[in-house]
Amino acid sequence: NELYYQYKKQALRIPGLTETGASALALRSFAANIGTRMGVEIQGVMKMDFTGFEGIIDAVDGIDIEVPETIVDYTYPLAEGVVGTLTITKGLHHFTGKEALQYARSRHSTSDFDRSLRQQQILSALKAKVQAQNLFDNLGMIQTLRASLSNHFETTLSESDLFGIAAIMASVQQNSVLSMNLNMGIGTPS
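Right, let's walk through the structure included here.

Each value, and the rule that gives it
- Counting from 1, residues in each chain are numbered in the order their sequence is written.
- A pLDDT threshold of at least 70 governs which residues receive local features in this predicted model, and a stricter bar of 80 or more applies before side-chain atom pairs are shown or counted, although totals over entire chains, interfaces and linings include all residues.
- For side-chain calculations, the full set of non-hydrogen atoms in the structure is used, while hydrogens and water are omitted.
- Patches here are clusters of residues that have more than 30% relative accessible area and form no salt bridge, with a 9 Å joining cutoff for like charges and a 5 Å cutoff for nonpolar side chains (Val, Leu, Ile, Met, Phe, Trp, Tyr).
- Note on areas: these come from Shrake-Rupley sampling with a 1.4 Å probe, and a residue is covered only by the protein chains present in the view.
- Whenever Lys or Arg places a side-chain nitrogen within 4 Å of a carboxyl oxygen from Asp or Glu, that contact is recorded as a salt bridge.
- Only DSSP runs of H or I covering at least 4 residues are called helices, and only runs of E covering at least 2 are called strands; the numbering of each starts at the N terminus.
- Working definition: with a 1.4 Å probe on protein chains only, accessible area under 20% of the residue-type maximum means buried, over 50% means exposed, and in between means partly exposed.
- Buried Ala, Val, Leu, Ile, Met, Phe, Trp, Tyr and Cys residues form a nonpolar core when they are joined through side-chain atoms within 4.5 Å.
- The criterion used for residue contact is that any of the two residues' heavy atoms lie within 4.5 Å.
- Fitted lines through C-alpha atoms give the axes, limited to the stretch in contact for helices. The angle between two N-to-C directions lies from 0 to 180 degrees.
- Should an angle fall under 35 degrees it is called roughly parallel, over 145 degrees roughly antiparallel, and 65 to 115 degrees roughly perpendicular, with every other angle called oblique.
- Working rule for handedness: look at the near helix, and if it is turned counterclockwise from the far one by less than a right angle, call the crossing left-handed; if clockwise, right-handed.
- Should DSSP find at least two bridges between two strands, the strands are regarded as paired.

**Digging into a nonpolar patch on the surface**
Then, number 1: A cluster of nonpolar side chains, M38, V40 and I42, forms an exposed patch at the surface whose accessible area comes to about 270 Å².
Then, number 2: By the element assignment, I42 lies in the loop between helix 2 (19-38) and strand 1 (46-48).
Then, number 3: Relative accessible area serves as the criterion here: at 30%, I42 is assigned to the partly exposed category.

**Comments concerning the pattern of salt bridges**
Then, number 1: Going through the model one piece at a time under the given rule, you end up with 2 salt bridges.
Then, number 2: Of the charged contacts in the structure, one is a salt bridge between K8 and E19, with a shortest N-O distance of 2.7 Å. Placement of K8 in helix 1 (residues 2-11) and of E19 in helix 2 is noted, with a sequence separation of 11 residues between them.
Then, number 3: For K8, a relative accessible area of 16% corresponds to the buried category.
Then, number 4: On the basis of relative accessible area, E19 is assigned to the partly exposed category, the value being 48%.
Then, number 5: Ionic pairing is found between K47 and E154, a salt bridge with its closest N-O pair at 3.1 Å. Taken together, the residues span a long stretch of sequence, with K47 in strand 1 and E154 in strand 6 (residues 153-155) at a distance of 107 residues.
Then, number 6: Here E154 falls in the partly exposed class, since its relative accessible area comes to 25%.

**Some points on the nonpolar core**
Then, number 1: By size, the foremost hydrophobic cluster in this structure holds 21 residues, and its most contacted members are I63, I65, I88, F95, Y103, I122 and L126.
Then, number 2: In terms of residue count, helix 5 (residues 112-132) provides more of this core than any other element does, 4 residues in total.
Then, number 3: Setting aside residues up to four positions removed in sequence, I65 forms contacts with G91, L92, H93, F95, Y103, Q121, I122 and A125.
Then, number 4: Counting 5 residues, the second largest nonpolar core, distinct from the first, contains Y4, L27, A31 and V45.

**A word on the packing of helix 1 against helix 2**
Then, number 1: In the contact formed by helix 1 and helix 2, the axes pass within 8 Å of each other and the chain directions differ by 130°. One finds that helix 1 runs oblique with respect to helix 2. Helix 2 is crossed by helix 1, and the crossing has right-handed handedness. Along its contact with helix 1, which presents L3, Y4, Y7, K8 and A11, the element helix 2 presents E19, A22, S23, L25, A26, L27, S29, F30, N33 and I34.

**Comments concerning the pairing of strand 4 (residues 82-88)**
Then, number 1: Bridge analysis of strand 3 (residues 71-79) against strand 4 gives 6 bridges, and the strand direction is antiparallel. Paired with Y76 across the two strands is G84, which belongs to strand 4.
Then, number 2: If you look at the hairpin formed by strand 3 and strand 4, you'll find 2 residues sitting between the two strands, and G81 has a positive phi there, around 80°.

Geometric descriptors of this kind do not, in isolation, establish any biological role.
Structure (structure tokens):
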């Protein structure tokens, strides 16, 4: 986040560059930097804000998550400038977009590594929900998502690239995806 922010701050100093143009330039610079560090070419980047995240989860009528341990975060940002206690109990939950965002963002009761695992868990649950409902094949749903995300999503990919990715994702089975979680030791498969 900080790297993107710094690139955007630099880009905004370019005379005549709009906020949207600065963000697009920052996304491309971010991808180039991370790609160089990892030794791979990053062909596209997507960025979504919290409203977009909540909107996607709500568009599929929520997701089901098995919470492995109770989370109690005493300093969760409940509103702008207001912190309070967030509690999510161990067990199966059906999360709305807002609840999934809380689960993904809580950081003060566990580590950033645990938070990363929760975020991967949410993405897996979302993918499973979309596949189970054949939403990748539902043009109406895709158009609804596109409209609801228009002000909350940015990408360096073309629209045809995004539809191509959606087509590929529709056929990828979860057991063929290897997820890694970095921790204090090494990357561990999840």
